[in-house]
Amino acid sequence: MNKVWYLFKIQLMATGNINKMLHENDPKKKTKVLGMSFLFLLIGMMFVLMSATYNGILLFNLLEWNMESLYLPLVMTLTSMILFLTTIYKVNGVLFSFKDYDLLMSLPIKTSYIIASRIIWLYSMNFLFLAIIMIPAGVLYSIMVQASIGFWIKYIIGLLCVPFIPIILGAIIGTIITVIASKSKHTNIISIVLSMAVVVAIFASTGTIGQATESALENMDVVGQMLEGFIQKVYPFALMYGNGVCSNQIGGLLVFIVISLLSFGIFIVILGRYFKQIQTRLATSGTHTVYKLGELKGTSPLMALYKKELRRYFSSSLYVMNTAIGSVLLLVFAISLCFFDMSEIESALGVSNIGIYVGQFAPIVAAFFMVLTCTTASAISLEGKNLWILHSSPIPIEKIFISKLLIQLTITVPAILVSGIIMIFTFQLDLVQSILVFVIPLIYSTLIGMVGLNMNLKYPKLDWTSEVQVVKQGAPVMLTMVIGLLSIVIPVGLVMVLPGIAQNMRLIILTVLLIGLTLGSYKYLNTKGVAYFKALS
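Draft legend 1. Local environment of the pattern of salt bridges. Applying the stated criterion to the full structure yields four salt bridges. Three or more residues are tied together by salt bridges with common partners; here these are Lys 308, Glu 309, Glu 383 and Lys 404.

Draft legend 2. Structural detail: a nonpolar patch on the surface. A cluster of nonpolar residues, Val 258, Leu 262, Ile 266, Ile 270 and Tyr 274, forms a patch on the protein surface that exposes about 490 Å² of accessible area. With respect to the secondary-structure elements, Ile 266 resides in helix 13 (residues 250-283).

Draft legend 3. Main features of the packing of helix 19 (residues 362-371) against helix 21 (residues 397-427). Put simply, helix 19 and helix 21 touch, their axes get as near as 11 Å, and they point 155° apart. Judged on the interaxial angle alone, helix 21 and helix 19 are roughly antiparallel. Our pair here, helix 19 against helix 21, has a crossing hand that is right-handed. Of the residues in helix 21, those in contact with Ala 362, Ala 366 and Met 370 of helix 19 are Thr 412, Ile 416, Met 423 and Phe 427.

Draft legend 4. A look at the packing of helix 1 (residues 2-13) against helix 6 (residues 111-144). In contact at an axis separation of 8 Å, helix 1 and helix 6 are set at 50° when each is read in the N-to-C sense. Judged by the inter-axis angle, helix 1 sits oblique to helix 6. Two packed elements cross with a definite hand, and for helix 1 against helix 6 that hand is right-handed. Contacts between helix 1 and helix 6 pair Lys 3, Val 4, Leu 7, Phe 8, Gln 11 and Leu 12 from the former with Tyr 113, Ile 114, Ala 116, Ser 117, Arg 118, Ile 120, Trp 121 and Ser 124 from the latter. Class assignment for the residues of the contact of helix 1 with helix 6 results in nine nonpolar, three polar and two charged.

Draft legend 5. Quick peek at the side chain of Ser 260. Tracing the chain through its elements places Ser 260 in helix 13. Ser 260 sits in the buried class, given a relative accessible area of 0%. At a separation of 2.8 Å, a polar atom in the side chain of Ser 260 contacts the main-chain carbonyl oxygen of Phe 256. Not counting the four nearest positions on each side in its chain, Ser 260 is found in contact with Cys 161, Phe 164 and Ile 165.

Draft legend 6. Here's a closer look at unusual backbone geometry. Phi at Gln 428 is positive, roughly 55°, even though this residue is not glycine. Considering the arrangement of structural elements, one finds Gln 428 in the loop between helix 21 and helix 22 (431-458). Residue class for Gln 428 comes out exposed when judged on its relative accessible area of 62%.

Draft legend 7. Helix 22, seen in detail. Compared with an ideal rise of 1.5 Å per residue, which puts 28 residues at 40 Å, helix 22 spans 41 Å between its outermost C-alpha atoms and is within 8% of the ideal. At Val 437, helix 22 is deflected by roughly 30°, the largest bend along its length, and proline Pro 441 occurs up to four residues later in sequence. Across the 28 residues that make up helix 22, a large majority, 20, are buried. A side-chain oxygen of the first residue of helix 22 lies 3.2 Å from the backbone nitrogen of Val 432; this N-cap is Asp 430.

Here is what the cut-offs are and how they apply
Residues numbered from 1 in each chain as written. Predicted model: local features only at pLDDT ≥ 70, side-chain atom pairs only at ≥ 80, totals over all residues. Heavy atoms only, no water. Salt bridge = Lys/Arg side-chain N within 4 Å of Asp/Glu carboxyl O. Patch = residues over 30% accessible without salt bridge, like charges linked within 9 Å, V, L, I, M, F, W, Y side chains within 5 Å. Areas by Shrake-Rupley, 256 points an atom, 1.4 Å probe, with all protein chains shown as cover. Helix = DSSP H or I, 4+ residues; strand = E, 2+ residues; numbered from the N terminus. Axes fitted to C-alpha atoms, helices over the stretch in contact; angles between N-to-C directions. Parallel < 35°, antiparallel > 145°, perpendicular 65-115°, else oblique. Left-handed = near helix turned anticlockwise from the far one by under 90°. Contact = heavy atoms within 4.5 Å. Nonpolar A, V, L, I, M, F, W, Y, C, P; charged D, E, K, R; others polar. Buried < 20%, exposed > 50% of the residue type's maximum accessible area, 1.4 Å probe, protein only. Polar contact = N/O pair within 3.5 Å; in protein donor to acceptor, adjacent residues only side chain to side chain. Expected span 1.5 Å × (residues − 1). Bend = angle between axes of the 7 residues up to and from the residue.

So this is what it looks like as structure tokens:
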């Protein structure tokens, strides 16, 4: 077990500049690392506060409806769905195809130890997210229903087992997708398409809860049955867990724990048995490629950089799944509007012309999805040891930045156009709203792209061993996400509190503010950003 712990420790120390923080001798660099660590702590506290707020709102409503027994199972179900989805595209990079595979396999260490350390690392990442959601949920529940010490003992023991089944299912689906894609000539494209299809299918299969809500608003008993049916449909083990923790049905909790531990053990054994075969298959998937001598075509430096960035982007399914998910969800949201009957919703809520009222906020809704889409926050770090190529190329640095920003627009603009057209007809937007439903999300996409690039230039990580370290765990990604959310909340909040102004004028003022922020970010990128890029080595 010592060897497993050392392997896990190495992965942990490589995350978040922990190793630099402990062993850095340069006072300036150490201060910078400590500052980043403190910033990470603040971000973590902010996420905990947000989690407590949303959990509190959900629990308060369930208490009003006398459905508090469904609270923890519902939170567990929604959290497990997220863990399942994120595990799918963590597989290729955490369990397989990690950068230091050859180095680790050459060490005098059993393969089972390497596998165990990778699985523990995967479990740790998922459990951290789980804790941010479910520990505040447990605290709120224990306060509101005055739970005993026995509740916390059962809750914590059960909580440790919650990630097991989502990890197993996500890893199995992710491995199947990776293996299937490896048989194709276009491995990464197939992997991306299959992963996106799984995400969309899950959202579509669970989307029936929204349709049931329309007829259930008048009868709260139906709402309870609907929620319980949703939990049973998506993750039936959550009811076992919830009943065992909240209703003293110890047998159900024990069954849940045994099934989770037994399944996880079987999964580790099977993975250890076929690990090398899968890894070898993935490593040799490109041997069937046929190279043909063709005509060499010239192009402009910017277009050459753009094509290079585009190939790099689609060469990593992890990169695409983490950065394009906002655009995909926007498309799913917009297309789902085509299947809603606004007249039925109006009659259920007793409000006429609801589409017009909702349509006034359509540009902001679309902009929120753009905040979730940022391809640039890890674009510099992903260059890794190949950054010297860009440094030595006779190309203006500004064009390098533009080529990376163009990838951001390539991913977001089609989603903005399609969703905007759907919203115009669905919500019957007027001329001003119809223009802004395209303009505001486009400005947000450009702004977030520049913010992400600036953050990555300031806090790069070029010595990564797995893309997960920069795509999901990097400081620039976290900072960009926080700044993006603030860029939605603060300007929108300031504009909405302005008295005596029509909604369209509020949106126009918001647009002007966003243009100012975007121009400021562009100026910063071409001054400080260029200096940061020159200093990279």
